[in-house]
Amino acid sequence: MPEIILDENPADTDIQILEDGVTRYGRNLSQGDARPLACWIRQDGQLRGGVCGRTELGRLFIQYLWVDEAQRGQGWASALLNQIEAAARERGCRDALIETLLDPVAELYQRRGYQVLACIPDWVGRFSRTILCKPLQD
């Protein structure tokens, strides 16, 4: 008979099984068509930044956007967003969804045409979770 076990140090493999099960269940319900998508900044063979996520059900879900500190302030984040948004448009996506815990980053996304859907104050400590969406079709 199955038993419930509290685990204060769960194995990554167990977490991955849990994540895969939830994702598979949700995709079966929605009949999702998830396809990964990423764009990278590389210099001298080193990864200096990138953006990744997936397109699914007509939407681009941006999971991570990062630029190395030495490369920041040069427009790389905007260039990465331009690239991944263009690719999502080619896949027929109507909009893009992104989240952040940093207010200055939320402001950057708003300057790029994203609109705040929700902001949850003090989501993690003093950080607020901001969820933003941008139309990709006219």
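Residues numbered from 1 in each chain as written. Predicted model: local features only at pLDDT ≥ 70, side-chain atom pairs only at ≥ 80, totals over all residues. Heavy atoms only, no water.

Looking at an unreviewed UniProt entry, the protein chain carries the name GNAT family N-acetyltransferase, with the source organism given as Leeia aquatica.

**Comments concerning a nonpolar patch on the surface**
A cluster of nonpolar residues, L101, L102, I120, W123 and V124, forms a patch on the protein surface that exposes about 410 Å² of accessible area. If you trace the backbone, V124 turns up in strand β5 (residues 115-124). Under the relative-accessibility criterion, V124 is labelled partly exposed at 42%. (Patch = residues over 30% accessible without salt bridge, like charges linked within 9 Å, V, L, I, M, F, W, Y side chains within 5 Å. Areas by Shrake-Rupley, 256 points an atom, 1.4 Å probe, with all protein chains shown as cover. Salt bridge = Lys/Arg side-chain N within 4 Å of Asp/Glu carboxyl O. Helix = DSSP H or I, 4+ residues; strand = E, 2+ residues; numbered from the N terminus. Buried < 20%, exposed > 50% of the residue type's maximum accessible area, 1.4 Å probe, protein only.)

**So, the nonpolar core**
With 19 residues, the main nonpolar core has L60, I62, I98 and Y114 as its most contacted residues. Those residues in contact with Y114, other than ones at most four positions away along the chain, are I62, L81, E85, A96, I98, Y109, L132, C133 and K134. (Core = buried A, V, L, I, M, F, W, Y, C linked by side-chain atoms within 4.5 Å. Contact = heavy atoms within 4.5 Å.)

**Section: the environment of C133**
When you line up the elements, C133 lands in strand β6 (residues 127-135). Separated by 131 residues in the primary sequence, C133 and P2 place their C-alpha atoms 42 Å from one another.

**Some remarks on the environment of D7**
Counting through the fold element by element, D7 comes out in the segment before α1 (12-30). Between the alpha carbons of D7 and D44 there is a distance of 42 Å; along the sequence they are 37 residues apart.

**Looking at the sheet that holds strand β2 (residues 46-56)**
Strand order across the open sheet formed by 6 strands is β1-β2-β3-β4-β6-β5, with mixed pairing between neighbours. The open sheet is flanked by β1 (35-43) and β5, the only strands paired with a single partner. Geometrically, the sheet is characterised by an average inter-axis angle of 20° between neighbouring strands, direction not taken into account. Here strand β4 (residues 95-100) runs beside β6; their pairing, made up of 6 bridges, is antiparallel. Residue D95 lies in a different strand from β6, and its bridge partner there is P135. (Pairing = 2+ DSSP bridges. Axes fitted to C-alpha atoms, helices over the stretch in contact; angles between N-to-C directions.)

**Overview of the pairing of β1**
Here 9 bridges tie β1 to β2, and the two strands are oriented antiparallel to one another. Note on β2: the bridge partner recorded for I41 is G49. Counted between consecutive antiparallel strands, the loop separating β1 from β2 contains 2 residues, among which D44 sits at a positive phi close to 55°.

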